[in-house]
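Listed here are the chains, written in short residue letters.
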Amino acid sequence: MNWILSDLWQFDFFRNAMLTAFLAAVSCGLAGTYIVSRRMVFISGGLTHASFGGIGIGYFFGFNPILGAALFAVLSALGIEYASKRISVREDSAIAILWSFGMAVGIIFVFLTPGYAPNLMNYLFGSILTVSREDICFLLGLTIIMLVFFIFFFRLILFTAFDENFAITRRMPVQFINYSMMILIALTMVFNIRVAGIILVLSLLTIPQTIASIFTHDFFRMAVISMVAGWVGIFGGLMFSYSLDIPSGASIIFLLVILFFIARLISYFLHRKAG
Amino acid sequence: MADKLIEMRSVYAGYGNAVILRDVDLDIYSDDFIGVIGPNGGGKTTLIKTILGLIKPRKGKVSYMFDRDRHAIGYLPQLHKFDPRFPIKVCEVVLSGLYDNRLRPSIYRRKDRMKAMELLESMNIQDLAKMPIGELSGGQMQRTFLCRAIISDPILLILDEPNTYVDNKFEHDLYDRLKDLNKRMAILLVSHDIGTISYYIKSIACVNHKVHYHGSGKITQDQLAAYDCPIQIITHGAVPHTVLKTHQDELDTE
């Protein structure tokens with residue numbers, strides 16, 4: 001692997017990809033641990049797919065599709081959070097509607113865009129090697145904001161997630177935490193689309209956490225292990241994708257699933273020895 | 001003379017289109033130990049959620065006669081509401097009872113941690129402090145949640161069926177503790193087992209859409225019938241037990 005690294009390090013796009021891998025691992029590690037703990041995986045999937053509407057609009061009007069996606073995802077997130085408390089719609093049905101509505105809007109606008117929509121596949125399947133400086137800035141900004149938010153409000157986030165009603169009776173700022181976290185999750189999903197694509201990005205926020213939960217039942221440790229596992233998956237997947245010449249998004253997810261089975265085996269043998 | 005803590009006047013409350021509580025008047029005083037009884041679906045949980053502010057009344061008013069910034073209401077919810085797989089440690093659960101409406105960073109003072117450990121010790125579960133909450137037994141979980149409910153030294157403690165999923169020995173142990181806590185705080189205890197709690201409570205609130213307050217801890221089946229509160233009375237020990245016959249009313253409740 002050394003020869004690949006020294007071979008690649010001279011390229012700008014590769015250094016960008018390495019930085020993206022690191023930021024993706026940190027942001028997905030934090031946001032993913034939250035959505036897995038709170039069982040919000042389906043909501044998060046809905047947000048990601050809904051954001052495709054924004055990508056289509058970005059193409060049509062000629063601005064960065066990721067910005068359109070961010071706007072769509074954040075509005076959807078706020079809408080879900082608002083509606084879940086006030087309107088009596090079955091939540092899973094509402095998410096499914098949002099999920100496909102966003103995709104439909106995206107397809108319509110991409111179709112209406114004159115000429116060929118360049119890089120469309122990169123948004124659907126991810127392409128970490130083509131991230132732009134602008135994409136990195138978004139991801140960097142988000143990661144820093146999220147780290148600060150977690151450092152400052154870690155316990156409020158934890159307690160609100162664990163038992164929202166109790167948190168309300170303690171008069172904790174539950175709404176502030178819930179809305180902030182929904183926005184952060186939506187942005188994490190969108191800014192990591194460049195890494196794994198709309199279709200696969202959800203796995204970046206769930207497979208590392210599933211691996212971590214094999215070894216720990218503590219939120220903080222779960223987040224840290226998820227970051228490490230996520231980084232190994234993204235970095236390793238990138239190496240595979242380069243040396244085997246396959247799409248990076250798919251090879252990252254493939255490697256993460258393999259890591260999951262390895263982790264299960266390790267834990268199986270550890271417990272057998274201990275038992 | 002005990003101080004009045006909470007005053008409910010003509011309160012209507014419910015979820016969605018269903019109005020579960022109708023025209024409720026209830027006062028809670030600082031030395032009260034009220035047993036809340038009533039049939040399933042009659043509104044016991046709705047009543048305490050309204051008192052806690054988790055549900056806004058449709059009509060009527062709930063007044064708090066104390067400074068809510070200085071005094072807490074302790075709450076022990078029903079056990080089955082938790083996700084047992086949530087990654088949180090027992091000591092963190094207890095400490096969560098100290099957080100409030102201040103937006104403060106995630107740092108505990110040393111004395112907070114000491115207090116949490118003391119409470120866990122008083123419940124004999126200090127060895128479990130570092131365990132994930134999901135690995136505890138029902139009784140151990142209830143103890144943990146009781147610690148969380150009382151760590152803030154509340155002025156009123158509200159417990160929603162704390163006797164589910166626990167064994168008999170722990171149940172009596174719990175009621176003895178509550179009796180002791182009642183010297184420092186008012187207690188509202190929801191239970192489906194009026195026989196056992198009647199040894200500990202001072203008064204009874206029968207909740208069957210309406211609330212009937214009964215000023216003593218003892219209640220007969222005739223009184224229950226008069227209150228339109230069709231529940232079973234089952235007592236343990238030497239007292240002969242009685243089972244209330246089914247009223248027509250019971251069939252009317254949802």
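Residues numbered from 1 in each chain as written. Chains lettered and ligands numbered in written order. Predicted model: local features only at pLDDT ≥ 70, side-chain atom pairs only at ≥ 80, totals over all residues.

### Quick word on the overall build of chain A
Along the backbone of chain A there are 14 helices and zero strands. Reading chain A from its N terminus to its C terminus gives the helix and strand order α-α-α-α-α-α-α-α-α-α-α-α-α-α. Scaling as 2.2 N^0.38, a compact globule of 275 residues should have a C-alpha radius of gyration of about 19 Å, and chain A matches this with 19 Å. Seen along its three principal axes, the alpha-carbon backbone of chain A occupies a region of about 60 × 55 × 30 Å. (Helix = DSSP H or I, 4+ residues; strand = E, 2+ residues; numbered from the N terminus. Rg over C-alpha atoms; globule rule 2.2 N^0.38 Å.)

### Some details on the overall build of chain B
When helices and strands are counted, chain B shows eight helices and nine strands. For chain B, with 254 residues in total, the buried portion stands at 41%. (Buried ≥ 20, exposed ≤ 12 C-beta atoms within 10 Å, placed from the backbone.)

### Quick word on the sheet that holds strand 9 (residues 210-214) of chain B
Residue and element names in this part refer to chain B. Spatial strand order, 5-6-7-3-8-9: six strands in an open sheet with mixed pairing. In this open sheet, the two strands that pair with only one neighbour each are strand 5 (73-76) and strand 9. Looking at each pair of strands side by side, their axes are set apart by 15° on average, direction ignored. Bridge count between strand 3 (residues 33-37) and strand 7 (residues 186-190): four bridges; the pairing is parallel. Considered in strand 7, the bridge of glycine 35 is made with leucine 189. Against the sheet, helix 1 (residues 44-52) touches strand 3, strand 5, strand 6 (156-160), strand 7, strand 8 (203-208) and strand 9, its axis set at about 150° to strand 6. Across the sheet, helix 4 (residues 138-150) is in contact with strand 5 and strand 6; its angle to strand 5 comes to roughly 165°. (Pairing = 2+ DSSP bridges. Axes fitted to C-alpha atoms, helices over the stretch in contact; angles between N-to-C directions. Contact = placed C-beta atoms within 7 Å.)

### Some points on the nonpolar core
Counting 155 residues, the largest nonpolar core has Ala73 and Ile185 of chain A as the members making the most contacts within it. Each of domain 1 (29-53 + 66-71 + 155-254) and domain 2 (83-153) of chain B gives at least three residues to this core. Once residues within four sequence positions are removed from consideration, alanine 73 of chain A is found in contact with Leu47, Ala50, Ser51, Gly54, Ala186, Met189 and Val190 of chain A. (Core = buried A, V, L, I, M, F, W, Y, C linked by C-beta atoms within 7 Å. Domains from an automatic or database assignment.)

### A short note on the domain arrangement of chain B
Residues and elements named next belong to chain B. Segmenting chain B into domains produces domain 1 (29-53 + 66-71 + 155-254) and domain 2 (83-153). Taken residue by residue, the interface counts seven residues in domain 1 and five residues in domain 2. The class makeup of the residues in the side of domain 1 that touches domain 2 is six nonpolar, no polar and one charged. (Nonpolar A, V, L, I, M, F, W, Y, C, P; charged D, E, K, R; others polar.)

### With respect to the interface of chain B and chain A
The parts lose accessible area when they come together, and the size of an interface is often stated as this lost area. Listed as interface residues are 24 residues of chain B and, on the opposing side, 24 residues of chain A. Of the residues contributing to the side of chain B that touches chain A, the split by class is 13 nonpolar, seven polar and four charged.

### As for the sheet that holds strand 1 (residues 4-15) of chain B
Residue and element names in this part refer to chain B. As summarised here, the arrangement of the three strands in space is 2-1-4, forming an open sheet in which the pairing is antiparallel. Edge strands, defined here as strands with exactly one partner in the open sheet, are strand 2 (18-29) and strand 4 (59-64). Within this sheet the neighbouring strands show an average axis-to-axis angle of 20°, counted without direction. Two strands pair when backbone bridges link them, and strand 1 and strand 2 are joined in this way by eight bridges, in the antiparallel orientation. Bridged to glycine 14 within strand 2 is valine 19.

### Observations regarding the pairing of strand 9 of chain B
Residue and element names in this part refer to chain B. Here five bridges tie strand 8 to strand 9, and the two strands are oriented antiparallel to one another. Note on strand 9: the bridge partner recorded for cysteine 206 is histidine 212. Hairpin connection between strand 8 and strand 9: a loop of one residue separates the two successive antiparallel strands, and histidine 209 in this loop has a positive phi of roughly 70°.

### Considering unusual backbone geometry
Unlike most non-glycine residues, serine 10 of chain B shows phi in positive territory, near 45°. Relative to the helices and strands, serine 10 of chain B resides in strand 1.

### A closer look at the environment of isoleucine 88 of chain B
Within the secondary structure, isoleucine 88 of chain B sits in the loop between strand 5 and helix 2 (90-95). Under the C-beta neighbour-count criterion, isoleucine 88 of chain B is labelled buried, with 23 such atoms within 10 Å. Between the alpha carbons of isoleucine 88 of chain B and methionine 131 of chain B there is a distance of 8.3 Å; along the sequence they are 43 residues apart. Apart from the residues lying within four places of it in its own chain, the contact partners of isoleucine 88 of chain B are Leu158, Phe162 and Phe219 of chain A together with Val93, Pro132 and Ile133 of chain B.

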